[in-house]
Amino acid sequence: MSLDIVQLADGGADGPALVRRAPFRDGRGQFSRLFAREELAAEGLGFEIVHVNHSATIGKGTIRGFHYQKPPHGEIKLVSCIRGAVLDVAVDIRPGSPRRFRALSAELSAGNATAMLIPDGFAHGFQALTEEVELIYLHSAAYVADAADGYRFDDPAIGFDWPLQPANLSERDRNWPLTGERAR
Ligand SMILES: Cc1cn([C@H]2C[C@H](O)[C@@H](COP(=O)(O)OP(=O)(O)O[C@H]3O[C@H](C)C(=O)[C@H](O)[C@H]3O)O2)c(=O)[nH]c1=O
């Protein structure tokens, strides 16, 4: 059982990657590996898991994000969808990056057994494509509430075109300052 790891095109060698699981299926159902540090390390993407989170979202069209933790609490995230389907999005927010504010996206679903690895320096968000979705997050750093920050889902500098009408955003996610309102 191994993971198929592919960098997202146009994301650069240090950009997001898709991690496809190879579920073992038999008459009882299926078994799949969510994480293999040595296999990710072989691709230069290995990390130590510090926190594991689970989020359950109701409402097709719901958007969570874009979130990241400010330095020095930046983190790598491996996001897996275990129920329903989401459009998962990683936004390059690295100062000086030639791809700054470029958003890369991929559909993650329980059916396609695909996770997205979001490197430090990228903000993360997703939109629910089904009425109910559940995600598992593997984080390389601990959650630090004071370091939590975000970009607005409709920030013109990012200009991401969500596939569904944005819905059900938290008060915080509706009110992140726009890029133009921030100190560079
Ligand atoms: C991430 C996190 C959150 N929390 C608390 C903070 C809030 O009181 C509550 C919900 O947090 P938040 O509103 O940030 O949850 P989401 O909007 O689903 O954000 C998550 O989804 C987006 C798309 C992400 O990429 C983030 O990693 C993650 O924060 O859990 C914790 O106690 N520990 C944690 O590690």
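Criteria and thresholds
Residues numbered from 1 in each chain as written. Predicted model: local features only at pLDDT ≥ 70, side-chain atom pairs only at ≥ 80, totals over all residues. Heavy atoms only, no water. UniProt positions renumbered as here; feature names shortened; annotations may be inferred. Helix = DSSP H or I, 4+ residues; strand = E, 2+ residues; numbered from the N terminus. Buried < 20%, exposed > 50% of the residue type's maximum accessible area, 1.4 Å probe, protein only. Contact = heavy atoms within 4.5 Å. Areas by Shrake-Rupley, 256 points an atom, 1.4 Å probe, with all protein chains shown as cover. Lys, Arg positive; Asp, Glu negative; His and termini not counted. Charge placed at Lys NZ, Arg CZ, Asp CG, Glu CD. Near = heavy atom within 4 Å. Polar contact = N/O pair within 3.5 Å; in protein donor to acceptor, adjacent residues only side chain to side chain. Nonpolar A, V, L, I, M, F, W, Y, C, P; charged D, E, K, R; others polar. Pairing = 2+ DSSP bridges. Axes fitted to C-alpha atoms, helices over the stretch in contact; angles between N-to-C directions.

Named according to an unreviewed UniProt entry, the protein chain is dTDP-4-dehydrorhamnose 3,5-epimerase originating from Pseudohoeflea suaedae. Per UniProt, the protein chain has the following entry under Catalytic activity (unreviewed entry): "dTDP-4-dehydro-6-deoxy-alpha-D-glucose = dTDP-4-dehydro-beta-L-rhamnose". Note on the protein chain: under the UniProt heading Function (unreviewed entry), the record states "Catalyzes the epimerization of the C3' and C5'positions of dTDP-6-deoxy-D-xylo-4-hexulose, forming dTDP-6-deoxy-L-lyxo-4-hexulose."

**Student:** In this structure, what is going on with the overall build of the protein chain? I would like to understand it.
**Tutor:** Along its length, the protein chain carries two helices and 13 strands. For the protein chain, the spread of C-alpha atoms along the three principal axes comes to 55 × 35 × 30 Å. For the protein chain, with 184 residues in total, the buried portion stands at 48%. At a minimum sequence separation of 6, the contacts of the protein chain that also span at least 24 residues come to 76%. Accessible surface, the protein chain: about 9,100 Å² in total, of which carbon and sulfur atoms supply 51%. Charge centroids of the protein chain, computed over 20 positive and 24 negative side chains, lie 0 Å from each other.

**Student:** Just to check I follow, could you spell out the site of the ligand for this structure?
**Tutor:** Every residue close to the ligand is listed here: N53, R64, H67, K77, H124, Y137, H139, Y143 and R172. N53 places a polar side-chain atom, nitrogen or oxygen, 3.1 Å from an oxygen atom of the ligand. K77 places a polar side-chain atom, nitrogen or oxygen, 2.8 Å from an oxygen atom of the ligand. In isolation the ligand exposes 640 Å². Once the protein is present, 63% of that is buried. When its residues are assigned to classes, the shell around the ligand shows two nonpolar, four polar and three charged.

**Student:** Please explain the pairing of strand 2 (residues 17-20) as it appears in this structure.
**Tutor:** For a regular strand, side chains alternate in direction, first toward one face of the sheet and then toward the other. Bridge count between strand 1 (residues 4-7) and strand 2: four bridges; the pairing is antiparallel. Residue Q7 lies in a different strand from strand 2, and its bridge partner there is A17. Bridge count for strand 2 against strand 10 (residues 114-118) is four bridges, and the pairing is antiparallel. Residue pairing in the sheet places L18 in a bridge with M116 of strand 10.

**Student:** So what exactly am I meant to see when it comes to the sheet that holds strand 8 (residues 85-92) here?
**Tutor:** Sheets are built from strands that pair by backbone hydrogen bonding, the pairs being arranged parallel or antiparallel. Read across the open sheet, the five strands follow the order 9-8-11-6-13; overall the sheet is antiparallel. Strands at the two margins of the open sheet, each flanked by one partner only, are strand 9 (103-109) and strand 13 (148-150). Put simply, the sheet's adjacent strands are angled 30° from each other on average, direction ignored. Taken together, the three bridges between strand 6 (residues 63-69) and strand 13 define a ladder with antiparallel strand orientation. Across the sheet, Y68 pairs through a bridge with D149, a residue of strand 13.

**Student:** Sorry if this is basic, but what is going on with the environment of I58 here?
**Tutor:** Tracing the chain through its elements places I58 in strand 5 (residues 51-58). On the basis of relative accessible area, I58 is assigned to the exposed category, the value being 61%. Taking C-alpha positions, I58 is 32 Å from R99, a pair spaced 41 residues apart along the chain. Beyond its immediate chain neighbours, meaning those up to four positions away, I58 contacts E131, E132 and N168.

**Student:** How should the environment of A41 be read in this particular structure?
**Tutor:** The topology assignment puts A41 in helix 1 (residues 37-42). For A41, a relative accessible area of 44% puts it in the partly exposed group. Once the C-alpha coordinates of A41 and H124 are considered, the two residues, 83 residues apart in sequence, prove to be 22 Å apart.

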